[in-house]
Amino acid sequence: MFKQKTIEEVKSASRKSSSGTTSNAFYNNPRIRGFFYQIALIAGLLYFFGTIIGNTLANMEATGIKTGFDFLGAAAGYDVLMSLISFESTDTYGRIFVVGFLNTLLVSAIGIFFATLLGFVFGVAHFSHNWLIRKVALVYVEIFRNVPLLLQVFFWYFAVLSSLPGARQSLSLGEAVFLNVRGLYMPKLIGGDLSSLVWIALGAAVAGIFVLRRWAKKRQELTGQQFPVLKTSIAMVILFPLIVAALTGFPFTVEYPALKGFNYFGGITVIPELMSLAIALSVYTGAFIAEAVRAGVQSIPHGQTEAARSIGLRENKIMSLIIVPQAMRVIVPLLNSEYQSLVKNSTLAAAVGYPDLFNVFVGTALNQTGQAIETIFMTIIVYFVVNMVISFLMNRFNNAVALVSR
Amino acid sequence: MAKKALLTASILAATMTAGAVQAATLDDVKSRGTLTCGVSTGLAGFSQKDENGKWSGLDVDMCRAVAAAVLGDSEAVQYKPLTAKERFTALASGEIDMLSRNTTWTHTRDTSLGINFAGTNYYDGASFMVMKDLGVSSATQLDGANACIQAGTSTELAIADYFRENGMSYKAVTFDTSDQTRQGFESGRCDFLTSDGSQLAALRIGLANPGNAVILPEVISKEPLGPVVRQGDDQWFNIVKWSLNAMIEAEEQKVTSANASDMKANGNPANKRLLGSEGELGGNLGLSADWAYNIITQVGNYSESFERNVGMDSPLKLARGINASWRDGGILYAPAMR
């Protein structure tokens, strides 16, 4: 009978046959060889990129283009429409970079928040028993998913917000909120001496909710009794700060926007560039998230719903306790890429003049200084890092909702 | 396998050795048979495309003049519409041979962008346009107003200086194209539009009702506009520079598109030098002797180009002002053609 050779036998045989011609020299050692090739590859790559960078710098020098990062310390000399930190035209390009970065973060955060909200509402609405709601969800997804985002940004900016009345004919709500072609003007709360106590109370209320949730869950596990967590939480968030505010004698003054000369001043201003971009990003990405939610819910076998019904859960409880937690395993990885797309798509700000990082830095700063390579490099790094952070957080979240396998 | 490795190696080698290659733009243009010229995305009087796709304007005439001088055909131009933000990158990357896009000659641009300004074909200054019903008659009344500005322009810097100098505040709403600034201005997003005076005149006639807007008297900056070339190709720089000078010189000598052939044969020595029937001017540039003759017969002298595009024969109706020849009290002055 044919006897199969074991692996050990084959190995020793080959070792014997080769030992005659090639000795156990160091260059035959697979570890050393591997190490050598790794080093060679790294050296090759270093040389490759080193030469590219060196060539670029030499060529730029030869054609008289300025290089280096000195421009970051130079005064920019132009103004930025909207800034979360104070900015004047005498400030530096470095500060412009920060201003643009914060504006990018702002519009991305607003976009992610509302896109998630819209996505979950319309994604779940797809399974509604109401024909109209189901169809509305379908129409929303199909329209906004299939129209290019740039067109949507233009639509909100030029078709919708540009047709609002001028500053002196503003639409107003109780002489406190004003809406015109230049933006949305809202009253601002300005805190007095004791106002920090109110914010502390609000923080305490939020912290209290977490404690309450944990307690209610434990109680339910032990006794089976349920506690109205949602209602209590809402009451806490409203009542805690309100009671403290009443005790300290309402340490706030309200600053109302008022028409002075050409514009409304005071209060909080939301510029139309931000509004149009945030709306477009939210609605567009929301349509994709709605599809992700739908896919997630559909991935749960119908048996789960039937099983839940058989133990007597109500329909809304089935959704929130049985279906959605399981669907999250499918939804979260999709959400991750939608959020990353949203951050990258926020660069369309340039189309309507919202001063995001891409617009103020790669747009204007690059043009005024001519230092294309430096500005583009810095901007790439920013988007890269922001998306890595999103990815990291979403992966952590994914681990939390993923099926724990043993 | 060996072939593949060889290919990879040669590509790598090519990358490594691609050092400072200074392409001769003149040779490129000649072998291509067309001049690639960067212009604006549409600005009445300077560079604008009509319904037949034909470009015209003062800046377009600059492109046509160079094409006439180099290729003998003023129509052998491929126009590349560029926003203010794109223009220098397009030039530096070699996408265009020259830039003729109402570009202000500034010290920073000239010294740090790797470009050279080949002269000035329009002396301008930044100014303001407001709607009449705003009731503003001077820029000093614009404290707290919103401004529509094109992003990446020297005006963006000039207006920041002006408001700071006068202790006033403003909000800068920036757009990519000058057409978008006009839309923003018309929709009421801003109280005033700021740009070079000539551009304001062009944008004003593009308004739904031009009579509703006025241009304020203040001129807040110097904006000499001119053609731009890449640094490091002196021959090409000379060609563009002297194409512009030939148009200015022709006006000084009263040589026009109509009388150029007559002057070439029967003119005075200066006429003959300019038009190539005497002297070496074309040869020194690496061009044919009738380089300037082609410019003048096909494009016209500076005065003809000015009046046709932005002057009294155009909807803009701009006066010559300081853009008149030095002989007529302006500051246009071509160096000596000899």
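Residues numbered from 1 in each chain as written. Chains lettered and ligands numbered in written order. Predicted model: local features only at pLDDT ≥ 70, side-chain atom pairs only at ≥ 80, totals over all residues.

Points about the interface of chain A and chain B
Piece 1. Facing the 32 residues of chain A at the interface are 37 residues of chain B.
Piece 2. Counting residues per element, the ones that place at least two in the side of chain A that touches chain B are helix 2 (30–62) and helix 12 (357–369) of chain A.
Piece 3. Per element, the largest residue contribution to the side of chain A that touches chain B is six residues, and it comes from helix 2 of chain A.
Piece 4. Looking at side-chain class alone, the side of chain A that touches chain B contains 11 nonpolar, 17 polar and four charged residues. (Contact = placed C-beta atoms within 7 Å. Helix = DSSP H or I, 4+ residues; strand = E, 2+ residues; numbered from the N terminus. Nonpolar A, V, L, I, M, F, W, Y, C, P; charged D, E, K, R; others polar.)

Notes on the sheet that holds strand 2 (residues 177–180) of chain A
Residue and element names in this part refer to chain A.
Piece 1. With respect to topology, four strands assemble into an open sheet ordered 1-2-3-8, the strand pairing being antiparallel. Unpaired on one side and paired on the other, strand 1 (171–173) and strand 8 (268–270) mark the two borders of the sheet. Averaged over all pairs of adjacent strands, the angle between their axes in this sheet comes to 15°, without regard to strand direction.
Piece 2. When strand 3 (residues 183–186) meets strand 8, the two strands line up antiparallel, connected through three bridges. Bridge pairing in strand 8 places tyrosine 185 opposite threonine 269. (Pairing = 2+ DSSP bridges. Axes fitted to C-alpha atoms, helices over the stretch in contact; angles between N-to-C directions.)

Regarding the sheet that holds strand 10 (residues 170–175) of chain B
Residues and elements named next belong to chain B.
Piece 1. One open sheet accounts for five strands, arranged 10-9-11-8-12; its pairing is mixed. With partners counted over all chains shown, the strands left at the sheet margins are strand 10 and strand 12 (213–215), one partner each. Neighbour-to-neighbour, the strand axes of this sheet turn through a mean angle of 30°, independent of strand direction.
Piece 2. Of the strand pairs in this sheet, strand 8 (residues 126–131) and strand 11 (residues 192–196) are connected by five bridges, and their pairing is antiparallel. By the bridge assignment for strand 11, valine 130 is matched with phenylalanine 192.
Piece 3. Against the sheet, helix 8 (residues 197–205) touches strand 8, strand 11 and strand 12, its axis set at about 130° to strand 11.

Examining the domain arrangement of chain A
A common measure of how large an interface is: the accessible area buried when the components associate.
Piece 1. Domain assignment breaks chain A into domain 1 (31–65), domain 2 (93–146 + 274–401) and domain 3 (188–255).
Piece 2. Computed from C-alpha coordinates alone, the two centres of domain 2 of chain A and domain 3 of chain A are separated by 29 Å. (Domains from an automatic or database assignment.)

Notes on the domain arrangement of chain B
All names here are of chain B.
Piece 1. Segmenting chain B into domains produces domain 1 (26–123 + 225–323) and domain 2 (126–221).
Piece 2. Its C-alpha centre places domain 1 at a distance of 29 Å from the equivalent point of domain 2.
Piece 3. Listed per partner, the contact involves 17 residues of domain 1 and 16 residues of domain 2.
Piece 4. Partitioning the side of domain 1 that touches domain 2 into residue classes produces nine nonpolar, seven polar and one charged.

Notes on helix 3 (residues 58–71) of chain B
Residues and elements named next belong to chain B.
Piece 1. In a regular helix each residue adds 1.5 Å, so 14 residues correspond to 20 Å; helix 3 covers 20 Å between its end C-alpha atoms and thus fits that length.
Piece 2. In terms of burial, helix 3 is a largely internal element, 14 of the 14 residues being buried.
Piece 3. The first or second residue beyond helix 3 is glycine 72, which carries a positive phi of 75°. (Expected span 1.5 Å × (residues − 1). Buried ≥ 20, exposed ≤ 12 C-beta atoms within 10 Å, placed from the backbone.)

Remarks on the packing of helix 9 (residues 234–252) of chain B against helix 14 (residues 302–309) of chain B
The packing of two helices is summarised by the inter-axis angle and the distance between the axes.
All names here are of chain B.
Piece 1. Helix 14 packs onto helix 9 with a crossing angle of 100° between their chain directions and a minimal axis gap of 7 Å. Judged on the interaxial angle alone, helix 14 and helix 9 are roughly perpendicular. In contact with Met247, Ile248 and Glu251 of helix 9, helix 14 contributes Tyr302, Ser303 and Ser305.
Piece 2. Considering only residue class, the contact of helix 9 with helix 14 consists of three nonpolar, two polar and one charged. (Parallel < 35°, antiparallel > 145°, perpendicular 65-115°, else oblique.)

Here's the deal with the environment of Leu150(A)
Residue and element names in this part refer to chain A.
Piece 1. The topology assignment puts leucine 150 in helix 5 (residues 149–160).
Piece 2. In this structure leucine 150 comes out as partly exposed when scored by C-beta crowding, with 13 C-beta atoms within 10 Å.
Piece 3. For the pair leucine 150 and alanine 349, spaced 199 residues apart in sequence, the C-alpha to C-alpha distance is 9.4 Å.
Piece 4. For leucine 150, the residues in contact, after removing those within four places along its chain, are Leu348 and Ala351.

Some thoughts on helix 5 of chain A
Because an α-helix completes one turn every 3.6 residues, residues spaced three or four positions apart along the sequence face the same direction.
All names here are of chain A.
Piece 1. If you check helix 5, its first and last C-alpha atoms are 15 Å apart, about what 12 residues at 1.5 Å a residue would give, namely 16 Å.
Piece 2. Taken as a whole, helix 5 has its buried residues at Gln152, Val153, Trp156 and Tyr157. One face of helix 5 carries all of its buried residues, which in axial projection span an arc of 120°. For helix 5, the exposed residues lying more than 90 degrees away from the buried face are Leu151 and Ala159.
Piece 3. Looking at the buried residues of helix 5, the elements they touch are helix 8 (272–298) and helix 11 (349–352). (Arc of directions from axis to C-beta.)

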